[in-house]
Amino acid sequence: DVQMTQSPSSLSASVGDRVTITCQASRHISNYLNWYQHKPGKAPKLLIYGASNLETGVPSRFSGSGSGRDFTFTISSLQPEDIATYYCQQYDNLPPFTFGPGTRVDIK
Amino acid sequence: EVQLLESGGGLVQPGGSLRLSCAASGFTFSNYAMNWVRQAPGKGLEWVSNIFGTGSHTFYADSVKGRFTISRDNSKNTLYLQMNSLRAEDTAVYYCAKQLVTQGAFDIWGQGTMVTVSS
């Protein structure tokens, strides 16, 4: 099964900062990589699918890139409402669908 | 409005059983694969199980294989998770999630239902 690593595990940044999270798969997964935002007590929210496709209704400050094994998620200008934990998730054709361990994002 | 609503969570003793339900509305349920994802207290998201739209294929995480069974009733627009031989480590919020047709991405999630396994 494909394993996912994510870094950093947590970060603290100022409003307006550019935030970058990386995700690495244990083997090549093409662009089969999604990103989710999860706030406490809420349902997770799909932000990016297929490595770089912005889900409908998601602000354009969120973006994703990468293919193969290495992927990047970026918030171009951090906003207070972006405080959450962010997860990558791979879906290499068929299940299992593995989530990364998550990156907690706080405001400095 | 597209919506998923889980129910059936609660407190159960180790070794016990529980069945979760997920009622879907606002979309053609049978056209979409569905999934269960869980989050244990203080932990990250863990994919649990998947079922094709027709119900023809099912998949499980190794941690629940042989103990959990996913199923669906497309006539009732409802997804199920039968959980047997429950362990303390199954304690978590369980979410059902709708999968995109052409991607293994989960675009619609329920609000979650809490399962606590404890004596």
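Residues numbered from 1 in each chain as written. Chains lettered and ligands numbered in written order. Predicted model: local features only at pLDDT ≥ 70, side-chain atom pairs only at ≥ 80, totals over all residues. Heavy atoms only, no water.

### Some words on the pairing of strand 4 (residues 33–38) of chain A
All names here are of chain A.
And step 1. For strand 4, the tally of buried residues reaches six of six residues, placing the bulk of the element in the interior.
And step 2. Here strand 4 shows a buried face lined by Leu33, Trp35 and Gln37 and a second buried face lined by Asn34, Tyr36 and His38.
And step 3. Summarising the sheet, strand 4 and strand 9 (residues 84–90) pair through six bridges and their orientation is antiparallel. Each residue of the ladder has a partner; that of glutamine 37, found in strand 9, is tyrosine 86.
And step 4. Strand direction decides the pairing type here: strand 4 and strand 5 (residues 45–49), joined by three bridges, are antiparallel. When the sheet's bridge partners are listed, glutamine 37 is paired in strand 5 with lysine 45.
And step 5. Counting the residues that bridge the hairpin from strand 4 to strand 5 gives six residues, and of these glycine 41 lies at a positive phi of roughly 80 degrees. (Buried < 20%, exposed > 50% of the residue type's maximum accessible area, 1.4 Å probe, protein only. Helix = DSSP H or I, 4+ residues; strand = E, 2+ residues; numbered from the N terminus. Pairing = 2+ DSSP bridges.)

### A few points about the sheet that holds strand 2 (residues 10–13) of chain A
Residue and element names in this part refer to chain A.
And step 1. Pairing is mixed in the open sheet, where six strands are placed in the order 2-10-9-4-5-6. A single partner strand is all that each edge strand has here, and the edge strands are strand 2 and strand 6 (53–54).
And step 2. For strand 5 and strand 6, the ladder comprises two bridges, and the chain directions are antiparallel. Residue tyrosine 49 lies in a different strand from strand 6, and its bridge partner there is asparagine 53.

### Section: the interface of chain A and chain B
And step 1. Listed by partner, the interface residues are 19 residues for chain A and 22 residues for chain B.
And step 2. In this assembly, chain A packs against chain B so that about 1600 Å² is buried in total across both faces, 68% of it on carbon and sulfur atoms.
And step 3. Of all residues in chain A, Pro44, Phe97 and Phe99 of chain A give up the largest surface area on contact with chain B, accounting jointly for 31% of the area buried on that side.
And step 4. Linking chain A with chain B are zero salt bridges, by the criterion used here.
And step 5. Across the contact surface, chain A and chain B share seven residue pairs in polar contact (both at pLDDT 80 or more).
And step 6. Those elements that place two or more of their residues in the side of chain A that touches chain B are strand 4, strand 5 and strand 9 of chain A.
And step 7. Broken down by element, the residue count for the side of chain A that touches chain B peaks at three residues, all from strand 4 of chain A.
And step 8. Tallied by class, the residues present in the side of chain A that touches chain B amount to 12 nonpolar, four polar and three charged. (Contact = heavy atoms within 4.5 Å. Buried area = accessible area lost by both parts, 1.4 Å probe. Salt bridge = Lys/Arg side-chain N within 4 Å of Asp/Glu carboxyl O. Polar contact = N/O pair within 3.5 Å; in protein donor to acceptor, adjacent residues only side chain to side chain. Nonpolar A, V, L, I, M, F, W, Y, C, P; charged D, E, K, R; others polar.)

### Digging into the pairing of strand 10 (residues 103–107) of chain A
And step 1. Of the pairings in the sheet, the one linking strand 2 of chain A to strand 10 of chain A comprises four bridges and is parallel in character. By the bridge assignment for strand 10 of chain A, serine 10 of chain A is matched with arginine 104 of chain A.

### A few points about the state of the cysteines
Residues and elements named next belong to chain A.
And step 1. Counting across every chain of the model gives two disulfides over all chains.
And step 2. The disulfide partner of cysteine 23 is cysteine 88, and the gap between their sulfur atoms is 2.1 Å. Taking the sign of the torsion about the S-S bond as the criterion, the disulfide between cysteine 23 and cysteine 88, at about 70 degrees, is right-handed. Taken together, the residues span a long stretch of sequence, with cysteine 23 in strand 3 (residues 19–25) and cysteine 88 in strand 9 at a distance of 65 residues. Here cysteine 23 and cysteine 88 have matching classes, each one buried. (Disulfide = S-S within 2.5 Å.)

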